[in-house]
Amino acid sequence: MSIPIYSSATKDLPKPLATKCPVITEEFVKAYGSKPDFIARSPGRVNLIGEHIDYADFSVLPLAIDVDMLLAVKILNDKNPSITLTNSDARFATKKFDLPLDGSYVSIDPSISDWSNYFKCGLHVAQEFLKKIAPKYENAPLTGLQIFCQGNVPTGSGLSSSAAFICATALAIIRANMGEEYKLSKHDLTKITVVAEHYVGVNNGGMDQAASVCGEEDHALYVEFKPELKATPFKFPQLKKGDVQFVIANTLVVSNKVETGPTNYNLRVVEVTAAANVLAKKYGVVLKHDGPSSLNKGNLRDLMNAYYARYHNAEAWDGEVATGVERLNKMLELVEETFATKEGWLFC
């Protein structure tokens, strides 16, 4: 399924576009003195089921929400192309950088916490994709752009402001360079953006990007990562006493994944990976990982598949629910046998 494209004349224009596009267009004109060529949008998300398991390739159930990131974009035809980023939030200063004339990538310094790094992550994965589908970009620069960014996903709130920004960026870069006739699939946009935050040192899974790209109104999204990346929307049930409702509460606690990674998010990824490898050594199996993990050391799903291949001569789990429940219960037994004692838990 392709990324949907709308115009101001589209019937039943989605409400977020109908209300927000005129505003960002006006702001773009104030910033750059002319109208943008198009607007790219990607929403934030919340997760219903499956915390800290997407980077272990286990399925999750998030949903997209109405807060989002919009990028108003104007295509430039300069011989020395550059990108200028302006943000509606005064906390984020205007940035400008040149695009390498030889088609090489813009450098990203993850040691510096700068909002433009997230744009550069989206730019990087979009450029990789363009090099594969359009050979002319192998040794040639991308198109120069003026961009105005407007978002209302609270930063550091756990609603995936970074994923919304990166997905909107990659979408904008591909659209600007391939033209309005090119139809970008949701699968391709999800697949390329899953790894984008790795370039700023975040060892994330793919839940946030999948929810932002593939989420649908009034639906939750069942996201599977193995045996292949797949996002299936499920419509909420119609109940006799009303519709299903969710309350999203803002605790006002800010946690930047990049800045707190060594003690929070990234540390959890390392701990889960270490646990998988300890279990693999105990049960004499070799972990084979072929996913987009920045650690590339094997994860808990790899362990489950390797264990069942050796001890039960079984194929890798294909996502079937009953089989998954049986195998996950067995994995819980292995965890308790390995890490628990009568005195309490041992931690490795």
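Values in this document were obtained by computation on a predicted structure and should not be read as measured data.

1. Structural notes on the overall build of the protein chain
Phase 1 of the analysis: Within the protein chain, the secondary structure is distributed over 9 helices and 11 strands.
Phase 2 of the analysis: Over its C-alpha atoms the protein chain spans a radius of gyration of 22 Å, differing by no more than 12% from the 20 Å that the globule rule assigns to 348 residues.
Phase 3 of the analysis: Overall, the C-alpha framework of the protein chain stretches about 70 × 55 × 40 Å when taken along its three principal axes.
Phase 4 of the analysis: Taken over 348 residues, the protein chain has a buried fraction of 46%.
Phase 5 of the analysis: In the protein chain, of all internal contacts separated by at least 6 residues, the share reaching a separation of at least 24 is 66%.
Phase 6 of the analysis: Side chains of the protein chain carry 36 positive and 40 negative charges; the gap between the two charge centres is 1 Å.

2. With respect to the environment of P4
Phase 1 of the analysis: Tracing the backbone through its elements, the reader meets P4 in the segment before α1 (15–32).
Phase 2 of the analysis: Separated by 262 residues in sequence, P4 and N266 place their C-alpha atoms 34 Å apart.

3. Details of helix α4 (residues 186–193)
In an α-helix, one turn spans 3.6 residues, which is why side chains three or four residues apart end up on the same side.
Phase 1 of the analysis: What α4 keeps buried is the set K186, L189, T190, I192 and T193.
Phase 2 of the analysis: On the buried face of α4, the contacting elements are α2 (116–133), α3 (161–178) and α5 (207–214).

4. Re the pattern of salt bridges
Phase 1 of the analysis: Counted by the stated rule, this structure contains 10 salt bridges.
Phase 2 of the analysis: K330 is the salt-bridge partner of E333, the closest N and O atoms lying 3.4 Å from each other. Within this pair, E333 and its partner K330 are both found in helix α9 (residues 321–339), separated by 3 residues, close to a single helical turn.
Phase 3 of the analysis: Accessibility expressed as a relative area gives 40% for E333, which makes it partly exposed.
Phase 4 of the analysis: Ionic contacts of the salt-bridge type, sharing partners, join the residues K20, R41 and D68 into one network.

5. Some words on the UniProt feature "domain: GHMP kinase N-terminal" (unreviewed entry) in the protein chain
Phase 1 of the analysis: Feature annotation in UniProt places "domain: GHMP kinase N-terminal" (unreviewed entry) on residues 129–215, given in this structure's numbering.
Phase 2 of the analysis: Taken end to end, residues 129–215 has its terminal C-alpha atoms 22 Å apart, with 45% of it in helix and 9% in strand.

6. Here we look at the packing of aromatic side chains
Here a ring pair, both rings aromatic, is described through the centre-centre distance and the interplanar angle of the planes.
Phase 1 of the analysis: As enumerated under the stated definition, the model contains 12 aromatic pairs in all.
Phase 2 of the analysis: For the pair F92 and W115, a centre-to-centre distance of 5.9 Å together with 40° between the ring planes defines the contact as tilted. You can see F92 sitting in the loop between β3 (82–87) and β4 (95–98) and its partner W115 sitting in the loop between β4 and α2, a full 23 residues away along the chain.
Phase 3 of the analysis: Classification of W115 by relative accessible area gives buried; the value is 10%.
Phase 4 of the analysis: Taken together, a centroid distance of 6.4 Å and an interplanar angle of 45° make the contact between F119 and F165 tilted. Taken as a pair, F119 in helix α2 and F165 in helix α3 lie far apart in primary sequence, 46 residues in all. F165 matches F119 in its accessibility class, with the two residues each being buried.
Phase 5 of the analysis: Feature note: the residues F92, F97, W115, F119 and F165 constitute an aromatic cluster, connected by ring pairs.
Phase 6 of the analysis: Across from the ring centre of F38, 4.5 Å away, lies the NZ or CZ of R175, which sits over that ring.

7. Regarding the packing of helix α8 (residues 300–312) against α9
Packed helices, taken two at a time, are described by the angle their axes make and the gap between the axes.
Phase 1 of the analysis: At their nearest, the axes of α8 and α9 sit 11 Å apart, and the two run at 95° to each other. By the angle class used here, α8 and α9 are roughly perpendicular. Every residue of α9 that contacts α8 at L303, M304, N305, Y307 and Y308 is listed here: E326, R327, L328, K330, M331 and L334.
Phase 2 of the analysis: Residues that form the contact of α8 with α9 fall into these classes: 7 nonpolar, 1 polar and 3 charged.

8. As for the packing of helix α7 (residues 265–282) against α9
Phase 1 of the analysis: At a minimum axis separation of 11 Å, α7 and α9 run at an interaxial angle of 85°. In terms of orientation, α7 lies roughly perpendicular with respect to α9. Of α9, the residues touching α7 (which contributes A275, V278, L279 and K282) are L334, V335, T338 and F339.
Phase 2 of the analysis: Tallied by class, the residues present in the contact of α7 with α9 amount to 6 nonpolar, 1 polar and 1 charged.

9. Description of the UniProt feature "domain: Galactokinase N-terminal" (unreviewed entry) in the protein chain
Phase 1 of the analysis: On the UniProt side, "domain: Galactokinase N-terminal" (unreviewed entry) is annotated at positions that read residues 26–74 here.
Phase 2 of the analysis: Taken end to end, residues 26–74 has its terminal C-alpha atoms 13 Å apart, with 14% of it in helix and 53% in strand.

10. Regarding the domain arrangement of the protein chain
Phase 1 of the analysis: Along its sequence, the protein chain is carved into domain 1 (15–235) and domain 2 (261–339).
Phase 2 of the analysis: Look at where the C-alpha atoms of domain 1 and domain 2 centre, and you get two points 31 Å apart.
Phase 3 of the analysis: At the junction of the two partners, domain 1 supplies 17 residues and domain 2 supplies 20 residues.
Phase 4 of the analysis: Summing both partners gives a buried area of about 1600 Å² for domain 1 against domain 2, and 57% of it is carried by carbon and sulfur.
Phase 5 of the analysis: The tally of links between domain 1 and domain 2 comes to 0 salt bridges.
Phase 6 of the analysis: Joining domain 1 to domain 2, the criterion identifies 5 residue pairs in polar contact (both at pLDDT 80 or more).
Phase 7 of the analysis: Tallied by class, residues from the side of domain 1 that touches domain 2 come to 8 nonpolar, 6 polar and 3 charged.

The rules behind the values
Residues numbered from 1 in each chain as written. Predicted model: local features only at pLDDT ≥ 70, side-chain atom pairs only at ≥ 80, totals over all residues. Heavy atoms only, no water. Helix = DSSP H or I, 4+ residues; strand = E, 2+ residues; numbered from the N terminus. Rg over C-alpha atoms; globule rule 2.2 N^0.38 Å. Buried < 20%, exposed > 50% of the residue type's maximum accessible area, 1.4 Å probe, protein only. Contact = heavy atoms within 4.5 Å. Lys, Arg positive; Asp, Glu negative; His and termini not counted. Charge placed at Lys NZ, Arg CZ, Asp CG, Glu CD. Salt bridge = Lys/Arg side-chain N within 4 Å of Asp/Glu carboxyl O. UniProt positions renumbered as here; feature names shortened; annotations may be inferred. Phe/Tyr/Trp six-rings, centres within 6.5 Å; stacked < 30°, edge-to-face > 60°. Lys NZ or Arg CZ within 6 Å of the ring centre and 35° of its normal. Axes fitted to C-alpha atoms, helices over the stretch in contact; angles between N-to-C directions. Parallel < 35°, antiparallel > 145°, perpendicular 65-115°, else oblique. Nonpolar A, V, L, I, M, F, W, Y, C, P; charged D, E, K, R; others polar. Domains from an automatic or database assignment. Buried area = accessible area lost by both parts, 1.4 Å probe. Polar contact = N/O pair within 3.5 Å; in protein donor to acceptor, adjacent residues only side chain to side chain.

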